[in-house]
Amino acid sequence: MKKVTVIGGGFAGLTVSLRLAQKGFQVELHEKSSRLGGLLGTDCTEYGIAERAANALIRTERAENLFKELGLEASLPLESSKKRFIFRSKPKTMPLNPLELLSVALRVVPRMIFAKKTLKPQAGETLLTWGHRQLGKAPTRFLLGPAMQGIYGNEITDLSASLILSPLFNKNRERYKGLLTGPGGMQDLVDHLEEALKKAGVQIHLNSNISAKDIQGPVVIATSAKGASEALQERAPQISQLLGRIEMSSLMSVTLFFKKAQTAFEGFGCLIPRGFDIKTLGILMNSYIFRDRDKVYNETWILGGVKESDLLKLSDEELLKLLAEERFKILGQKDTLVEYRINRWDHALPYYDLKLEEVQAELSQIVIPKDIFLHGNYLSGIGLSKILERSDRLSEEIARTHG
Ligand SMILES: Cc1cc2nc3c(=O)[nH]c(=O)nc-3n(C[C@H](O)[C@H](O)[C@H](O)COP(=O)(O)OP(=O)(O)OC[C@H]3O[C@@H](n4cnc5c(N)ncnc54)[C@H](O)[C@@H]3O)c2cc1C
């Protein structure tokens, strides 16, 4: 039986290990921490669950099939989650005024119908420049900016339009219909993946901080960009150096449990455009997204990004004070807190900026040793459904070249 080593037990490492084992490989999975899941995980409190990072996957056919295959019941969003708010003096479902809306419709709709290709971003263009060029200033600030900041955890000034938007122009891209998660949250998914790996005979090594130089044979580096740069330092210094140029963005998720539910804004959540002197990037109104997961109303607040990484240094007390002030500014609410969970993620996600665009371009030009395979959210896209897609493709490639 051919052996493959996988470094990193986050969603990328777990899913690629499963696919490789199913293709007949003997898989050794190394995870440096004491648990599997990486950024994925769910804390249980007496008031309900709190997601540590991701709260759901995009519901593609591939994601649905993974849940079925794992025997994991898919928990789907509630009807109330269809409403989404963007802050503009208060949370609004449509933050543009009628004139701004008409102006963007006149700019975009004809091109969508007759010349979609002209909407494509150019290489080296930021999302801000693309937005101003294609949509105008108000839609960029109040729609594009908050939407992208909700996914990439950073304001759009330096984000790469090409990395982020080009996949949308791919005719073969996976269609999606909402979100899905496990009934007990994302930890359910991690637990089911772990069980499936064990059944498939994957050898899992926890507390194993391993370098690629210690491994014989094919190895999949399924860590963050920073982790991959460190793991490859001795075995592939050129790639290690290149990956070391990828800037990592720090983020924080804070779940607040309240005595009383706020009912003024019932929806998925609220995104906050920049320029309002508010640090928070977005709020998830968890109790209006998934059912049966909590005893009291709760929200998850996301903060951070490369320009606001100092927020991670705030003490719990300072952070809760800041959030109470911002909650009053955004939702006009002052409710009693009964519980909270804070997750500070230092160097959590790759910064999808123009530097990453350059690194990806350079990576495609250099010769990567035949037995090294790179996997992770700095290559596939940040979302879990994209990581899953890459796990499938990568395992097929490894089966073709090393099977
Ligand atoms: C606050 C937040 C909210 C998010 N929300 C969503 C969401 O709702 N939906 C969505 O689709 N995505 C979301 N994401 C993004 C998504 O969670 C991540 O992109 C994804 O979990 C990354 O998985 P990964 O396996 O690539 O990396 P990681 O989860 O970072 O896992 C990498 C693993 O590798 C291990 N490792 C590193 N170096 C070594 C080594 N040398 N040896 C052994 N092990 C090593 C690490 O310990 C870690 O466990 C969110 C992210 C954050 C931070």
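Residues numbered from 1 in each chain as written. Predicted model: local features only at pLDDT ≥ 70, side-chain atom pairs only at ≥ 80, totals over all residues. Heavy atoms only, no water.

Engineer: What's the story with the packing of helix α9 (residues 237-244) against helix α11 (residues 354-365) in this structure? I'm lost.
Structural biologist: Packed helices, taken two at a time, are described by the angle their axes make and the gap between the axes. Their axes nearest at 9 Å, the elements α9 and α11 cross at an angle of 165 degrees. Accordingly, the angle class assigned to the pair α9 and α11 is roughly antiparallel. Classified by chirality, the crossing of α11 by α9 is left-handed. Between α9 and α11, the residues in contact are I239, L242 and L243 and V359, E362 and L363, respectively. (Axes fitted to C-alpha atoms, helices over the stretch in contact; angles between N-to-C directions. Helix = DSSP H or I, 4+ residues; strand = E, 2+ residues; numbered from the N terminus. Parallel < 35°, antiparallel > 145°, perpendicular 65-115°, else oblique. Left-handed = near helix turned anticlockwise from the far one by under 90°. Contact = heavy atoms within 4.5 Å.)

Engineer: What is the right way to look at the sheet that holds strand β6 (residues 84-88) in this model?
Structural biologist: Spatially, seven strands are ordered β7-β6-β12-β13-β14-β11-β15 in an open sheet, and the strand pairing comes out mixed. Edge strands, defined here as strands with exactly one partner in the open sheet, are β7 (90-92) and β15 (337-350). Direction aside, the axes of adjacent strands within the sheet are offset by 25 degrees on average. Of the strand pairs in this sheet, β6 and β7 are connected by three bridges, and their pairing is antiparallel. Residue pairing in the sheet places F87 in a bridge with P91 of β7. Sheet contacts for helix α10 (residues 316-331): β6, β7, β11 (248-258), β12 (269-271), β13 (282-284), β14 (298-304) and β15; angle to β14, the most-contacted strand, approximately 110 degrees. (Pairing = 2+ DSSP bridges.)

Engineer: Explanation requested: helix α12 (residues 384-402) in the structure shown.
Structural biologist: Owing to its 3.6 residues per turn, the α-helix brings residues three or four apart onto one side. Over its 19 residues, α12 extends 26 Å from the first C-alpha to the last, a length consistent with the 27 Å expected when each residue adds 1.5 Å. Where α12 is concerned, the buried positions are L384, S385, I387, L388, E389, R390, S391, D392, L394, S395, I398 and H402. (Expected span 1.5 Å × (residues − 1). Buried < 20%, exposed > 50% of the residue type's maximum accessible area, 1.4 Å probe, protein only.)

Engineer: Hey, could you run me through helix α5 (residues 137-152) in this one?
Structural biologist: Within α5, the axis deviates most sharply at L144, by approximately 35 degrees, and proline P146 lies no more than four positions further along. Among the residues of α5, A138, P139, T140, F142, L144, G145, P146, M148, Q149 and Y152 are the ones counted as buried. Once α5 ends, the next one or two residues include G153, with phi positive near 70 degrees. (Bend = angle between axes of the 7 residues up to and from the residue.)

Engineer: Is there a simple way to think about empty space enclosed by the protein in this case?
Structural biologist: If a probe as big as a water molecule is rolled over the atoms, it shows which places are left empty. Applying the stated criterion to the full structure yields one cavity of 30 Å³ or more. Taken as a whole, the largest cavity holds about 120 Å³ of empty space. Of all the secondary structure elements, the ones that give two or more residues to the lining of the largest cavity are β4 (48-51) and β14. A total of three residues in the lining of the largest cavity trace back to one element, the largest contributor, which is β4. When residues of the lining of the largest cavity are assigned to domains, at least three map to each of domain 1 (3-76 + 181-247 + 352-402) and domain 3 (248-350). (1 Å grid on protein atoms, 1.4 Å probe; cavity = no way out; pocket = protein on both sides within 12 Å on 5 of 7 lines; lining within 4 Å. Points joined across faces, edges and corners; volume = space filled by probe spheres on them. Domains from an automatic or database assignment.)

Engineer: Is there a simple way to explain the environment of L179 in this structure?
Structural biologist: Locating L179 in the fold gives a position in strand β8 (residues 179-180). Note on L179: relative accessible area 14%, which makes it buried. Leaving out residues up to four positions away in the same chain, L179 has contacts with A56, L57, I58, R59, S75, L76, P77 and F268.

Engineer: Mind showing me how you'd approach the pairing of β4 here?
Structural biologist: Note on strand geometry: in a regular strand, side chains alternate between the two faces of the sheet. Here strand β3 (residues 42-45) runs beside β4; their pairing, made up of four bridges, is antiparallel. Bridging from a neighbouring strand, D43 pairs with A50 of β4. Counting the residues between successive antiparallel strands, the hairpin from β3 to β4 contains two residues.

Engineer: Would you explain the packing of aromatic side chains in this entry?
Structural biologist: Think of a pair of aromatic rings as described by two things: how far the centres are apart, and how the planes are tilted against each other in angle. Inspection of every chain in the model, using the stated rule, returns seven aromatic pairs. Judged by centre distance (6.4 Å) and plane angle (45 degrees), the rings of F142 and F276 are tilted. Linking F142 in helix α5 with F276 in the loop between β12 and β13, this pair joins segments that are 134 residues apart in sequence. Of the residues examined, F142 reaches a relative accessible area of 5% and is grouped as buried. According to the relative accessible area criterion, F276 is partly exposed, its value standing at 24%. (Phe/Tyr/Trp six-rings, centres within 6.5 Å; stacked < 30°, edge-to-face > 60°.)

Engineer: Would you mind going over the domain arrangement of the protein chain with me for this structure?
Structural biologist: According to the domain assignment, the protein chain contains domain 1 (3-76 + 181-247 + 352-402), domain 2 (96-169) and domain 3 (248-350). Centre-to-centre, using C-alpha coordinates, domain 1 lies 27 Å away from domain 3. Each partner contributes residues to the interface: domain 1 has 30 residues there, and domain 3 has 23 residues. Here domain 1 meets domain 3 over a buried area of about 2300 Å², counting both sides, of which 61% is carbon and sulfur. If you look at where domain 1 meets domain 3, you find one salt bridge. E51 is the partner of R293 in a salt bridge, and the nearest nitrogen-oxygen pair spans 3.8 Å. Linking domain 1 with domain 3 are seven residue pairs in polar contact (both at pLDDT 80 or more). (Buried area = accessible area lost by both parts, 1.4 Å probe. Salt bridge = Lys/Arg side-chain N within 4 Å of Asp/Glu carboxyl O. Polar contact = N/O pair within 3.5 Å; in protein donor to acceptor, adjacent residues only side chain to side chain.)

Engineer: Help me understand a nonpolar patch on the surface, please; the structure alone is not making it clear to me.
Structural biologist: Nonpolar side chains collect at one region of the surface, where V109, M112, I113 and F114 lie side by side and expose about 460 Å² of accessible area between them. Along the chain, F114 falls in helix α3 (residues 98-114). Judged by its relative accessible area of 71%, F114 is exposed. (Patch = residues over 30% accessible without salt bridge, like charges linked within 9 Å, V, L, I, M, F, W, Y side chains within 5 Å. Areas by Shrake-Rupley, 256 points an atom, 1.4 Å probe, with all protein chains shown as cover.)

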